[in-house]
Amino acid sequence: PVLLGCGSAQPGGCPALCECSEPAKTVKCVNRNLTAVPPDLPPYVRSLFITGNPLTDLPAGAFPAQRLPDLASLNLSGNHLRTVEAGSLALPALRQLDLSGNALVSFSPQAFGEGGSPLEELALRGALRDHGVLLSLAALLQSGALRNLSRLELADNGLLLLPAGMFTALPALRQLDLSNNSLVGLRNVSFQGLGQLQSLNLSDNSLGVLWNSTLAQFRSLPALRHIVLGHNTWVCDCAIEDLVAWLKESDQVEGKEALTCASPDKMLGKALLKINGSDLNCSVPTDLPSQLQTSYVFLGIVLALIGAIFLLVLYLNRKGIKKWMHNIRDACRDHMEGYHYRYEINADPRLTNLSSNSDV
């Protein structure tokens, strides 16, 4: 009878299998084997923890906005969430959301409702292993629904590349954590518009070089003062010259003295800050892909001009070329008639004897 009473939807009551504190405005449903969000959450709750449960789906209206007008912090980490449906997180006071440690396969771009959300902190650590979910998140961020977001955690997701323009609609973003992924490059990533960005964590990835286009973006962000680049696979060849020069002049990178080369073998373990031109022995431009692209464009233009000039010469000399073709045709015809005549003589014994007698 006591358990049934706790599970009833009494105003200000506490759901069964949960712990509630009305003075602290907190409800905790931790490791309770819940398969759905309790429908009788008390309306006073501001901080809600539903973690370590076999919860797989967040349907629309899982957290009714009318009944939970003050819910500001929602922790759903460490469950078995796979689907976050449209309208499931449309809460008017939501400021912090933690979905880390879930195996998401579907994340609706309309999860926070049709209008904008007041969300300020979003943690998705280890929750974006599915590429389709990453694309859905990118669409959500680009829609402008989370323009108030100041902290975004995308660590531990095994990300290789990020969708282009993923962060362009986050003007309030201050902290971006991309650590412990498998990022191999940032050339398609735009940091433009992140005027408030203060901290960028790129440690424990597979970055081999940062190109001038990316470094220029870092220089253009006035608030960016904390960049973490440790534990990446820096390739110390000619392409790394720009990165080394930037490191030597910049005060944005934390622990830059510890950055070392991962390859080639002759540079293994050498500190990036101690690299100079003689170590690299560069005789070609550092930004080789851009140079090659420019060369191909120039070559195409030259070939097009040569082709146009060739066609113009043909057009201007069309009469002479036509006469020359007729002469070649007549010469070939006379030559072939001579061959034909000789063939007829050789093929007819009588003509062969006649020819021999004539020679005599």
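Sequence order as written defines residue numbering, which begins from 1 separately in each chain. With pLDDT at 70 or above as the cut-off, local features in this predicted model cover only qualifying residues; side-chain atom pairs require 80 or more to be listed or tallied, and sums for whole chains, interfaces and linings still use all residues. To obtain the side-chain values, all non-hydrogen atoms of the structure were included, while hydrogens and water were left out.

Looking at an unreviewed UniProt entry, the protein chain carries the name TPBG protein, with the source organism given as Leiothrix lutea.

J.: Outline the overall build of the protein chain, listing residues and values.
T.: Looking only at helices and strands, one finds eight helices and 16 strands in the protein chain. For the protein chain, the accessible surface area stands at approximately 19500 Å², while carbon and sulfur atoms represent 57% of it. Numbered from the N terminus, helices here are DSSP runs of H or I no shorter than four residues, and strands are runs of E no shorter than two. All accessibility values rest on the Shrake-Rupley procedure with a 1.4 Å probe; residue burial counts only the protein chains present in the view.

J.: Lay out the state of the cysteines in plain terms, naming residues and giving numbers.
T.: The term disulfide is used for any two cysteine sulfur atoms that are within 2.5 Å. Under the counting rule described, the total for this entry stands at three disulfides. Disulfide pairing is shown between Cys18 and Cys29; the S-S distance is 2.0 Å. Across the S-S bond of Cys18 and Cys29 the torsion is about 110°, and the bridge reads as right-handed. Taken together, the residues Cys18 in the loop between helix H1 (2–7) and strand S1 (19–21) and Cys29 in strand S2 (residues 26–30) connect sequence positions eleven residues apart. Assigned by exposure class, Cys18 and Cys29 land together as buried. Through a disulfide, Cys236 is tied to Cys261; the S-S separation comes to 1.9 Å. Disulfide Cys236-Cys261: torsion about the S-S bond near -95°, hence left-handed. Taken together, the residues span a long stretch of sequence, with Cys236 in the loop between strand S14 (234–235) and helix H4 (241–249) and Cys261 in strand S16 (residues 261–263) at a distance of 25 residues. With respect to burial, Cys236 and Cys261 carry one shared label: buried. Using a 1.4 Å probe on the protein chains alone, a residue whose accessible area is under 20% of its type maximum counts as buried, one over 50% counts as exposed, and one in between counts as partly exposed.

J.: Go over the environment of Ala262, please, and point to the residues and values.
T.: By the secondary structure assignment, Ala262 is in strand S16. Taking the C-alpha atoms as reference points, Ala262 and Thr233, 29 residues apart in sequence, are found 5.1 Å from one another. What Ala262 contacts, discounting residues up to four positions off in sequence, is Thr233, Trp234 and Leu268. Here, two residues are considered to be in contact whenever any of their heavy atoms come within 4.5 Å of each other.

J.: Tell me about the UniProt feature "domain: LRRNT" (unreviewed entry) in the protein chain, residues and numbers included.
T.: UniProt positions are given in the numbering used here, feature names are shortened, and annotations may be inferred rather than shown by experiment. In this structure's numbering, the residues bearing the UniProt feature "domain: LRRNT" (unreviewed entry) are residues 13–47. The span residues 13–47 shows a helical share of 0% and a strand share of 26%, and its end C-alpha atoms are spaced 15 Å apart.

J.: Provide a residue-level description of the pattern of salt bridges, including the pertinent values.
T.: The term salt bridge refers to a side-chain nitrogen of Lys or Arg lying within 4 Å of a carboxyl oxygen of Asp or Glu. Throughout the structure, instances matching the rule amount to eight salt bridges. When the shortest N-O distance is used, the salt bridge between Glu19 and Arg32 registers 3.4 Å. Of this pair, Glu19 sits in strand S1 while Arg32 sits in the loop between S2 and strand S3 (47–51), and the two are 13 residues apart along the sequence. The exposure class assigned to Glu19 is partly exposed, which follows from its relative accessible area of 48%. Here Glu249 and Arg219 are joined by a salt bridge, their closest N and O atoms 3.4 Å apart. Here Glu249 is found in helix H4, whereas its partner Arg219 is found in helix H3 (residues 212–220), with 30 residues between them in sequence. When its relative accessible area of 56% is taken as the criterion, Glu249 is described as exposed. A relative accessible area of 41% means that Arg219 is categorised as partly exposed.

J.: Break down the pairing of S3 for me, citing the residues and quoting the values.
T.: Here, any two strands with at least 2 DSSP bridges between them count as paired. In the sheet, S2 pairs with S3 via five bridges, with the strands oriented parallel. Along S3, the bridge assignment pairs Cys29 with Ile50. Here S3 runs beside strand S5 (residues 73–75); their pairing, made up of three bridges, is parallel. In the strand pairing of S5, Leu48 is matched with Leu74.

J.: Lay out the sheet that holds strand S10 (residues 151–153) in plain terms, naming residues and giving numbers.
T.: Taken in spatial order, the eleven strands of this open sheet run S1-S2-S3-S5-S7-S9-S10-S11-S12-S13-S15, and their pairing is mixed. Looking along the sheet, the strands with just one partner apiece sit at the ends: S1 and strand S15 (253–254).

J.: How would you explain the packing of aromatic side chains if you had to name every residue and give the values?
T.: In summary, the pairing rule links any two rings of Phe, Tyr or Trp, Trp by its six-membered ring, whose centres are within 6.5 Å, and it sorts them by plane angle into stacked for under 30 degrees, edge-to-face for over 60 and tilted for everything else. In total, this model carries three aromatic pairs according to the counting rule given. When the ring of Phe167 is compared with that of Phe191, the centres are 6.5 Å apart and the planes differ by 20°; the resulting orientation is stacked. With Phe167 in the loop between S10 and strand S11 (175–177) and Phe191 in the loop between S11 and strand S12 (199–201), the pair connects residues that are 24 residues apart, well separated along the chain. Each member of the pair, Phe167 together with Phe191, is buried. Seen from their ring centres, Phe218 and Trp246 are 5.8 Å apart, and the 40° between their planes marks the pair as tilted. Within this pair, whereas Phe218 is found in helix H3, its partner Trp246 is found in helix H4, the two being separated by 28 residues in sequence. When its relative accessible area of 0% is taken as the criterion, Phe218 is described as buried.

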